[in-house]
Structures are given as structure tokens and as C-alpha cells.
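Here is how the chains run, residue by residue.
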Amino acid sequence: MSIACFADLLDEARRQPEPQRLLFVFARAELPDHPDAAQRERFEQGQGGVLAPVLCVDKTLDELSDMAALVEESRRTEVEWDIVFAAALAGDGRQPPSSDEAEQPLQRMVESLQQGTIDNFLAFDRKGDAVSFH
């Protein structure tokens, strides 16, 4: 299945034989350290920059209804973000992994994003549309 939006992610996660816990890392576009004039200009035009993780959370499918609810919850943190990266963690057959069990995979996800490795994750904008990076 092709995942084109956040609702597709939730549908696919619900279809999995193992209960899922979804991992989310919210990132903000920023200028890289020591940008040159071209990088600064592109960034000011809404292009380029680097994605810096600013917030992370894990949720069971029962804790998620839709993208609007996730955006609203993130809004309460008062942390600005542009893109949310998502991954899934499968449970043991009866229940999804606990938040404690998700802590290390979530930390590895943050570290991967900090290193610029984003290919293993889905990305969504604030409207819930899938984002692809070229």
C-alpha cells in the first residue's frame, strides 16, 4: 500500500497482525551552521535548510484519531515544527510496546534524523499529507 497521508498510515498500522506503537519526531527547518549567501537566500524563499528534531512522542493507535488531533496536541507544547517523521514499532501479539520499550527506538530515530538519515521514515506536513524528499 502507498501511504499518501496520515490517515493511510493509521489504516495500515491497524491492519498489521501485531499491535503497533507509532513513533513521531517533529522537526523544524533551520539554516545550517555557517550558511553561505545562496543557502540563506533559498531558506528565506522557503527552500533548503536542515531539519532539526525539536520534539518526539510515541502513541498507540488508541491514542490517535487523526492528524488534526496530533497537531493540536503538539500545539500545546508551544514548540514550532514543520515536518513530522513517523515510524512504527510492533508489539508482542497481544499488546503494543510500552512507552518505556519505545524510548530507545525513538532515541535512535532522533539520532538518525540528526545525521540526515531520513529514508527509513515516513514524513508528513501539518495537514497530514505525505512529504517526499529528493
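All figures in this text were calculated on a predicted structure; none of them were measured in a lab. (Residues numbered from 1 in each chain as written. Predicted model: local features only at pLDDT ≥ 70, side-chain atom pairs only at ≥ 80, totals over all residues. Heavy atoms only, no water.)

**Points about the pairing of strand β1 (residues 20-30)**
If a strand is regular, its side chains alternate between the two faces of the sheet.
Argument step 1. For β1, a buried count of eight out of 11 residues is recorded, marking the element as mostly surrounded by other parts of the structure.
Argument step 2. For β1 and strand β3 (residues 83-90), the ladder comprises eight bridges, and the chain directions are antiparallel. Looking at β3, one finds that A27 is bridged to I83.
Argument step 3. By the bridge criterion, 10 bridges tie β1 to strand β2 (residues 50-60) in an arrangement that is antiparallel. Looking across to β2, one finds that L23 is bridged to D58. (Buried < 20%, exposed > 50% of the residue type's maximum accessible area, 1.4 Å probe, protein only. Helix = DSSP H or I, 4+ residues; strand = E, 2+ residues; numbered from the N terminus. Pairing = 2+ DSSP bridges.)

**Some remarks on the pattern of salt bridges**
As a working rule, side chains carrying opposite charge can pair if their charged atoms are close by.
Argument step 1. Counting across every chain of the model gives seven salt bridges.
Argument step 2. A salt bridge links R94 to D92, with the shortest nitrogen-to-oxygen separation between them at 3.6 Å.
Argument step 3. One network of salt bridges, in which partners are shared, links R21, D58 and E63. (Salt bridge = Lys/Arg side-chain N within 4 Å of Asp/Glu carboxyl O.)

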